[in-house]
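So the chains spell out like this:
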Amino acid sequence: MVEEIIPELKINDLGHDGRGVGKLNGYTVFIPGTLPGERVRARLVKKKKRFGEALLEEVLDASPHRRKPPCPVYSECGGCQLQHMDYSFQVEFKQDRLVQALYRIGEAQDFPAPRIHAAGKEWNYRNKATYHLQGSQVGFFSRQSRRVIPHEECALLPQEVNQIKKSLADLLKQKIITSGKNFTVRTSFSHQQSLLILDQSVKPGSSWEKVTTILRKENPELLGIYQQGKGKREGRGIWGKSMIKEKMGDYTFELGPATFFQVNSEQREVLLERAKKIVLDLNCRNIGDLYAGAGVFGINLAKHVDRVLAIEISREAVAEGKRKAQHAGLDNIEFHRGEVERVFAKMPRELDCVLLDPPREGCHPNLWQLIEEKKVKNIVYISCNPATLARDIAELQPLGYRIETLDLIDMFPQTYHVECLVRLCR
Ligand SMILES: C[S@@+](CC[C@H](N)C(=O)[O-])C[C@H]1O[C@@H](n2cnc3c(N)ncnc32)[C@H](O)[C@@H]1O
């Protein structure tokens, strides 16, 4: 397509991914890096039947919420989408996204305004990053393609993670590492420990020993290097431990390379406290922690309630949950490994509250019938995707569930991702 200059376009709205939206003679155009109320000059780079995509050329009239993005690769890198918005406007945007999803997809009518828990830390908050390798480049994928955009330091990550990335990038340049697709760094905010997880294709030039010696010297808090296995095969430790400690609520968990944990350690505590308060204020005694991970919610609730039933698919996470419960002397939490939609069906007990914390895809559709059969009165639904949350709420409403409270916990400043907690009651 021949790229076309749009000399002037008014931005009216924001799409779900934070891109500005304007109308060009009735035709919808998305432009990243623009804000509602702005007039911009743009270059149309993709023209589809129902909408087009353009790149910002010049801001003609700027929004009062515009700010200079601190990251030098912001306009290219796909990691962040909202750095050009001041932080309070980012939170407003997320609140609007959540409310609109509940109205439009969830067909919810009466629900309270979300309680907002803005992040205390706008920067350096993430405890995990996955980097991609391309030739001698290391970084995140571009906004438009799977091209790797290298960077010096990522402002969302703490210094330890940036330093491990730098060491790996140097090893790649010096051919001490010769190939690979990606690697992940996980770091603990409570214990100053990091774990490096290499994908199975990462190969050393001469020996792992050489790689390990350099990485350890440059990164004193590195606790272990682990390499994932091919396909579903088990991975292996290359050096050191394959777990890091992280405090969550009242307990310290040991987390392996495959166990889920929330990427924002500070805001995870806010989420945990909020979930705990809801369950305890309702005086629930028998609770379900579904999509439990290592049982962070269930374990932190166990000493306050009669029984907890935790269901999770990951073997590694269940093993950690069981180990933690035993270590903490909690004999009223039961872990079951498997798919929630299958395992929950076999559970005879009635529960007075279930916590649901599914992945982005939301809950399995078979779950609603089971929740109804088990006469669950209260649901605490934790979601990182307003669209699938709203879709699931649309299934729950005809069963008699209503939204009682709504919390937006900003786990992901500078990005369009939204984390929220909804309490539903029947
Ligand atoms: C968003 S994480 C939440 C984990 C945990 N609640 C926490 O905060 O640490 C979702 C979890 O659901 C698990 N999972 C995904 N699909 C599942 C399924 N069908 N049945 C059970 N667990 C599932 C994943 O392994 C992951 O641990």
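Quick caveat: nothing in here was measured; it's all calculated off a predicted structure.

What counts and how
Positions within a chain are numbered from 1, following the residues in the order the chain's sequence is written. For this predicted model, a pLDDT threshold of at least 70 governs which residues receive local features, and a threshold of 80 or more governs which side-chain atom pairs are given and counted, while totals over whole chains, interfaces and linings are taken from all residues. Computation of side-chain values covers all heavy atoms of the structure but excludes hydrogens and water. Only runs of H or I of at least four residues qualify as helices and only runs of E of at least two qualify as strands under DSSP, and these elements are numbered from the N terminus. We take the radius of gyration over the C-alpha atoms and set the globule estimate at 2.2 Å times the residue count to the 0.38 power. Exposure categories follow from relative accessible area, calculated using a 1.4 Å probe and restricted to protein chains: below 20% of the type maximum is buried, above 50% is exposed, and the middle band is partly exposed. For this analysis, residues touch if any pair of their heavy atoms sits within 4.5 Å. Each reported salt bridge corresponds to a side-chain nitrogen of Lys or Arg within 4 Å of a carboxyl oxygen of Asp or Glu. In this entry, domain limits derive from an automatic or database-based domain assignment. Once two parts are put together, the accessible area they lose, assessed with a 1.4 Å probe and summed over both, is termed the buried area. Each residue receives one of three labels: charged for Asp, Glu, Lys and Arg, nonpolar for Ala, Val, Leu, Ile, Met, Phe, Trp, Tyr, Cys and Pro, and polar for the others, Gly being one of them. For this analysis, a nonpolar core means a set of buried residues of the types Ala, Val, Leu, Ile, Met, Phe, Trp, Tyr and Cys, connected via side-chain atoms within 4.5 Å. When DSSP finds two or more bridges between two strands, those strands count as paired. As a rule, the C-alpha atoms of each element are fitted with a line to give its axis, helices using only the stretch in contact, and angles between N-to-C directions run from 0 to 180 degrees. Neighbouring residues are identified by heavy atoms, a residue being near a molecule or strand if any of them is within 4 Å of it. By the criterion applied in these results, polar contacts are pairs of N or O atoms within 3.5 Å in which, for protein atoms, one can donate a hydrogen and the other can accept it, and in which residues neighboring in sequence qualify only through two side-chain atoms. Computed with the Shrake-Rupley method and a 1.4 Å probe, the accessible areas treat only the protein chains shown as cover for residues. Just so you know how the angles are binned, under 35 degrees is roughly parallel, over 145 roughly antiparallel, 65 to 115 roughly perpendicular, and the rest oblique. Left-handed describes a crossing whose near helix is turned anticlockwise from the far helix by less than a right angle; the clockwise case is right-handed. One fewer than the residue count of a helix, multiplied by 1.5 Å, yields its expected span.

1. Comments concerning the overall build of the protein chain
Then, number 1: Counting its secondary structure elements, the protein chain contains 9 helices and 24 strands.
Then, number 2: A compact globule built from 426 residues would reach a C-alpha radius of gyration of about 22 Å, and the protein chain, at 23 Å, matches this within 12%.
Then, number 3: In terms of its C-alpha atoms, the protein chain occupies a principal-axis envelope of roughly 65 × 60 × 35 Å.
Then, number 4: Relative to its full complement of 426 residues, the protein chain shows a buried share of 54%.
Then, number 5: A separation threshold of at least 6 residues defines the contact pool for the protein chain, and within that pool the share at least 24 residues apart is 63%.

2. Some details on the pattern of salt bridges
Then, number 1: Overall, the coordinates contain 29 salt bridges when judged by the stated rule.
Then, number 2: Close ionic contact of Lys 276 with Glu 273 constitutes a salt bridge, the shortest N to O distance being 3.9 Å. Here Glu 273 and Lys 276 lie together in helix α4 (residues 265-281), a separation of 3 residues that amounts to about one turn.
Then, number 3: Using a relative accessible area of 44% as the deciding quantity, one classes Glu 273 as partly exposed.
Then, number 4: Taken together, the salt bridges that share partners define one network made up of Asp 17, Arg 19, Lys 46, Lys 48 and Glu 53.

3. Regarding the domain arrangement of the protein chain
Interfaces are often sized by the accessible area lost when the parts come together.
Then, number 1: Once the domains are mapped, the protein chain shows domain 1 (4-66), domain 2 (89-121 + 258-425) and domain 3 (128-248).
Then, number 2: Each side of the interface is counted separately: domain 2 has 15 residues, and domain 3 has 9 residues.
Then, number 3: Carbon and sulfur atoms supply 60% of the area that domain 2 and domain 3 bury against each other, a total of about 1000 Å² over both sides.
Then, number 4: The interface formed by domain 2 and domain 3 contains 1 salt bridge.
Then, number 5: Between Arg 268 and Glu 246 there is a salt bridge whose closest N-O contact spans 3.6 Å.
Then, number 6: Elements represented by at least two residues in the side of domain 2 that touches domain 3 include exactly α4 and α5 (296-302).
Then, number 7: Classifying every residue of the side of domain 2 that touches domain 3 gives 6 nonpolar, 5 polar and 4 charged.

4. A closer look at the nonpolar core
Side chains that are nonpolar tend, in soluble globular proteins, to be buried together.
Then, number 1: Counting residues in each nonpolar core, the largest one holds 74 residues, and the members touching the most others are Tyr 131, Phe 183, Leu 196, Leu 198, Ile 287, Ile 333 and Leu 355.
Then, number 2: At 6 residues, helix α2 (residues 159-173) tops the list of elements feeding residues into this core.
Then, number 3: Here this core spans two domains, and each of domain 2 (89-121 + 258-425) and domain 3 (128-248) adds at least three residues to it.

5. Focus: the sheet that holds strand β5 (residues 51-61)
Then, number 1: Read around the barrel, 5 strands follow the order β1-β2-β3-β5-β4 and close on themselves; strand pairing throughout is mixed. Strand-to-strand, the axes of this sheet are offset by a mean angle of 50°, without reference to chain direction.
Then, number 2: Looking at chain direction, strand β1 (residues 4-14) and strand β2 (residues 20-24) are connected through 3 bridges and run antiparallel. From the neighbouring strand, Ile 11 faces β2, where its bridge partner is Gly 22.

6. Let's talk about the site of the ligand
Then, number 1: Of all residues adjacent to the ligand, which total 15 residues, the nearest are Tyr 291, Glu 312, Ile 313, Val 340 and Asp 357.
Then, number 2: Within the side chain of Glu 341, an N or O atom sits 3.4 Å from a nitrogen atom of the ligand.
Then, number 3: Summarising the interface, the protein chains cover 86% of the accessible area of the ligand, which totals 590 Å² for the free molecule.
Then, number 4: Taken together, the residues that form the shell around the ligand break down as 9 nonpolar, 2 polar and 4 charged.

7. Some words on unusual backbone geometry
Backbone geometry follows two general trends: most residues other than glycine have a negative phi, and most peptide bonds adopt the trans configuration.
Then, number 1: Unusually for a residue other than glycine, Glu 107 sits at a positive phi of about 50°.
Then, number 2: Checked against the element boundaries, Glu 107 lands in the loop between α1 (87-104) and β6 (115-117).

8. Concerning the packing of α1 against helix α9 (residues 386-396)
Then, number 1: Taken N-terminus to C-terminus, the directions of α1 and α9 make an angle of 30°; their axes are 8 Å apart at the nearest point. Relative to α9, the element α1 is oriented roughly parallel. Two packed elements cross with a definite hand, and for α1 against α9 that hand is right-handed. Here α1 contributes Arg 97, Leu 98, Ala 101 and Leu 102 to the contact with α9, which in turn contributes Pro 386, Leu 389, Ala 390 and Ile 393.
Then, number 2: Here the residues of the contact of α1 with α9 sort into 7 nonpolar, no polar and 1 charged.

9. Description of α2
Then, number 1: Here α2 is 15 residues long and its end C-alpha atoms lie 21 Å apart, about the 21 Å a rise of 1.5 Å per residue gives.
Then, number 2: Of the positions making up α2, those classed as buried are Val 161, Asn 162, Ile 164, Lys 165, Ser 167, Leu 168, Ala 169, Leu 171 and Leu 172.
Then, number 3: One or two steps after α2, the chain reaches Lys 175, where phi turns positive at roughly 60°.

10. Here's the deal with the pairing of strand β11 (residues 182-187)
Then, number 1: Here β11 lies mainly inside the structure; 5 of its 6 residues are buried.
Then, number 2: Pairing of strand β7 (residues 128-134) with β11, which is carried by 5 bridges, proceeds in the antiparallel orientation. When the sheet's bridge partners are listed, His 132 is paired in β11 with Asn 182.
Then, number 3: Note: β11 against strand β12 (residues 194-198), 5 bridges, orientation antiparallel. Note on β12: the bridge partner recorded for Thr 187 is Ser 194.
Then, number 4: Connecting the antiparallel pair β11 and β12 is a turn made up of 6 residues, with Gln 192 showing a positive phi of about 50°.

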